[in-house]
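# Analysis of the macromolecular model
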Amino acid sequence: MQRLVLAVLLGALAGAAAAHDTWFALRPAARTGEATLALGTGQRFPVHETGMPAEALRAAGCRDAAGVARPLRPGAAQPQALPLTAALGGAGGSCWAQLQPLDIALDAAKVAVYLDEIRAPQAVREAWRAQQARGLRWQERYTKHARIELGAGSAGPVPMALDVVPEQPLPAVGGTLAFTLQREGRPLPGQAVQVLHADTGLGFWLQSDAQGRAQVRLPLPGAWLLRGTLLEPDPAAPDAWRSQFFTLALQLSGAASPSSSPRRTPRGT
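Below or above, wherever it landed, is the structure these notes cover. (Residues numbered from 1 in each chain as written. Predicted model: local features only at pLDDT ≥ 70, side-chain atom pairs only at ≥ 80, totals over all residues. Heavy atoms only, no water.)

## Side note on the state of the cysteines
- Under the defined criterion, the tally for this structure stands at one disulfide.
- A sulfur-sulfur distance of 2.0 Å marks the disulfide that ties C62 to C95. Residues C62 and C95 are joined by a disulfide whose S-S torsion is about 105 degrees; by sign, that bridge is right-handed. Taken as a pair, C62 in strand 3 (residues 57-64) and C95 in strand 7 (residues 93-99) lie far apart in primary sequence, 33 residues in all.
- The exposure class of C62 is buried, given its relative accessible area of 1%.
- For C95, a relative accessible area of 0% corresponds to the buried category. (Disulfide = S-S within 2.5 Å. Helix = DSSP H or I, 4+ residues; strand = E, 2+ residues; numbered from the N terminus. Buried < 20%, exposed > 50% of the residue type's maximum accessible area, 1.4 Å probe, protein only.)

Structural data, given as structure tokens:
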């Protein structure tokens, strides 16, 4: 019965959240030394549109600034986001969640938008065209990974299959964030990553180098999101696809750099 209930809940989540990002947002803490978070899915950062049941979490946790593991406790599911709390002592840290994998089928028109949205590589597009020529429909199993840096953050990998690992504590406004993409603990090269600012809509794309590294200057205070999707053929299912969505959320406080001139950039450009 528990498996049946979980399948129904996750099926509803798949229908509502296909090809959308899932990320953490920081909320006001109810108690000193406690981090209060919201984990939800939306089509455009920073607006959460769909929550999830606690059963959707495959793995979740936190690490405080001293490197000590802390539990991440889910609350009652809400329509727009799942509330979670962790006792971090107020010194910063990192929290993460990897969701249960979900299966989905898409019509060709939606696939075209999806591939543009994630900046899929040319090899993926050519393989899909070959599948279309054979009359096949898009079949995909996707997994979502979300991470948030709190306070100064705590550099280092977390136990997720795909991780965005900051190489140092969070920079001040106007500073540079250097990070490494890791899949199963190994560098992920050539992966497209979009960087988004919540308040202005400023957005731009990066690509990880041969060592899985990239860096970006963050010129404005407020909430930022790094997001991307690794899409590849599913080795366990012929003519199907496997994807891993990932996000890194962070908050910068302080004054904006005088030289910054933010502009709204349409997503996907």
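## Observations regarding the side chain of T36
- Relative to the assigned elements, T36 resides in strand 2 (residues 34-42).
- On the basis of relative accessibility, which here comes to 14%, the residue T36 falls in the buried class.
- Those residues in contact with T36 that sit more than four places away from it in its chain are A25, L26, R27, P28, A29, A30, L84 and T85. (Contact = heavy atoms within 4.5 Å.)

## Re the side chain of Q191
- Tracing the backbone through its elements, the reader meets Q191 in the loop between strand 12 (186-187) and strand 13 (192-197).
- From its side chain, Q191 meets the backbone oxygen of T229 in a polar contact 3.0 Å long.
- If near-sequence neighbours (up to four positions away) are discounted, Q191 is found in contact with L181, L206, Q207, S208, T229, L230 and F246. (Polar contact = N/O pair within 3.5 Å; in protein donor to acceptor, adjacent residues only side chain to side chain.)

## Structural notes on the pairing of strand 3
- The sheet contact formed by strand 3 and strand 7 spans seven bridges and is antiparallel. Paired with C62 across the strands is C95, a residue of strand 7.
- Summarising the sheet, strand 3 and strand 4 (residues 69-70) pair through two bridges and their orientation is antiparallel. For C62, the partnering residue across the bridge sits in strand 4 and is R70. (Pairing = 2+ DSSP bridges.)

## A look at the packing of helix 2 (residues 108-117) against helix 3 (residues 122-133)
- Relative to each other, helix 2 and helix 3 sit at 175 degrees, their axes nearing to 12 Å. When the interaxial angle is binned, helix 2 and helix 3 end up roughly antiparallel. Touching A108, V111, L115 and D116 of helix 2 are V124, R125, W128 and Q132, all from helix 3.
- Its residues assigned to classes, the contact of helix 2 with helix 3 shows five nonpolar, one polar and two charged. (Axes fitted to C-alpha atoms, helices over the stretch in contact; angles between N-to-C directions. Parallel < 35°, antiparallel > 145°, perpendicular 65-115°, else oblique. Nonpolar A, V, L, I, M, F, W, Y, C, P; charged D, E, K, R; others polar.)

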